[in-house]
Amino acid sequence: MSIVVNEIFGPTVQGEGPSAGRQCVFLRLGGCNLSCHWCDTPYTWDWKGTSDEKTAFDPRKELHNRDAGEVVEELLALGTGLVVISGGEPLSQQRRLRPVLKGLLEAGVTVEFETNGTVVPDDEIITPGVRFNVSPKLAHAGDPASKRIVPAALTKLAQTTDVAFKFVCRTTDDLDEVGTLQADFGISPIWIMPEGKNVAHISQHLSSLADEVVRRGWNLSTRLHVLAWGDKRGI
Ligand code: SF4
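Per an unreviewed UniProt entry, the protein chain goes by the name 7-carboxy-7-deazaguanine synthase and belongs to Streptomyces filamentosus. On record in UniProt, under Pathway (unreviewed entry), the comment for the protein chain is "Purine metabolism; 7-cyano-7-deazaguanine biosynthesis." On record in UniProt, under Catalytic activity (unreviewed entry), the comment for the protein chain is "6-carboxy-5,6,7,8-tetrahydropterin + H(+) = 7-carboxy-7-carbaguanine + NH4(+)".

Structural data, given as structure tokens:
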């Protein structure tokens, strides 16, 4: 079965959330069902140049149909104990990904999905060794709430045992929005990440939010990959 892949790269480190700093390999898939204007991976979906980068990427260059077995082999050859499956929105291909998950888990590799929380995960992919890092998008991402917030998906993800909810935030108004989602859907644990594609913006948002994040009983994460490598691709 083939999977639409954007890129495979590593070893690198997980940049955000509970596993930040851990060695991993990235499987970045193509296609997204949202269109966040500040998206830092517009090359996975923006074929018209609508995001802040204002670049119309070429799907013939960015999307590659790859055989699941070959993808597993390539990921295992890169030799880390963690594979992060990101995008784009990886759960849009969750059925095609089942053989990849099986191959990785059988090899003793753990898997983290980076999902925007708008796709209900199938029971078959909710299994030991798989964590869901769910990043629902707030109003500042630009899409209407009816696209960004899918109650059935958030409710099911909130009930999985290995899950973390990560929010890209700039202001305390953003934190209030997170608080409303927490109350509405019982999501936990919550991690707040500063928005920014460079060190200055990340530092500015991190220091302005830190006290309030701690006061609300949430966790704080930076974006290690941006601090270490800027917005360079494939690292
Ligand atoms: S959900 Fe993620 S990949 Fe999709 S547009 Fe938003 S930031 Fe980009």
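**Q** Explain the side chain of Glu114 here, please?
**A** Following the sequence through the fold, Glu114 ends up in strand E5 (residues 110-115). Among the residues examined, Glu114 registers a relative accessible area of 12% and is labelled buried. Polar contacts involving the side chain of Glu114 include one to the side chain of Gln14, which spans 2.9 Å. At a separation of 2.6 Å, a polar atom in the side chain of Glu114 contacts the side chain of Lys166. Each residue touching Glu114, except ones within four places of it in the same chain, is listed here: Gln14, Glu16, Val84, Ile85, Ser86, Pro90, Asn133 and Lys166.

**Q** Looking at this model, I keep getting lost on the pattern of salt bridges. Mind explaining?
**A** Oppositely charged side chains can form a pair if their charged atoms are brought close together. Evaluation of the coordinates by the stated rule reveals 20 salt bridges. Two residues, Glu16 and Arg223, come together in a salt bridge whose shortest N-O distance is 3.0 Å. With a gap of 207 residues between them, Glu16 in the loop between strand E1 (2-13) and strand E2 (23-29) and Arg223 in the loop between strand E9 (219-220) and helix H8 (224-229) connect regions that are remote in the sequence. Here Glu16 falls in the buried class, since its relative accessible area comes to 10%. A residue is classified by how much of its surface remains accessible, and Arg223, at 7% relative accessible area, is buried. Linking Asp122 and Arg95 is a salt bridge whose minimum nitrogen-to-oxygen distance equals 3.3 Å. With Asp122 in the loop between E5 and strand E6 (130-134) and Arg95 in helix H3 (residues 94-106), this pair connects stretches of sequence that are 27 residues apart. Given the relative accessible area of 54%, Arg95 is considered exposed. Where salt bridges share partners, they join Glu16, Asp40, Glu114, Lys166 and Arg223 into one cluster.

Rules of the game
- Residues numbered from 1 in each chain as written.
- Predicted model: local features only at pLDDT ≥ 70, side-chain atom pairs only at ≥ 80, totals over all residues.
- Heavy atoms only, no water.
- UniProt positions renumbered as here; feature names shortened; annotations may be inferred.
- Helix = DSSP H or I, 4+ residues; strand = E, 2+ residues; numbered from the N terminus.
- Buried < 20%, exposed > 50% of the residue type's maximum accessible area, 1.4 Å probe, protein only.
- Polar contact = N/O pair within 3.5 Å; in protein donor to acceptor, adjacent residues only side chain to side chain.
- Contact = heavy atoms within 4.5 Å.
- Salt bridge = Lys/Arg side-chain N within 4 Å of Asp/Glu carboxyl O.

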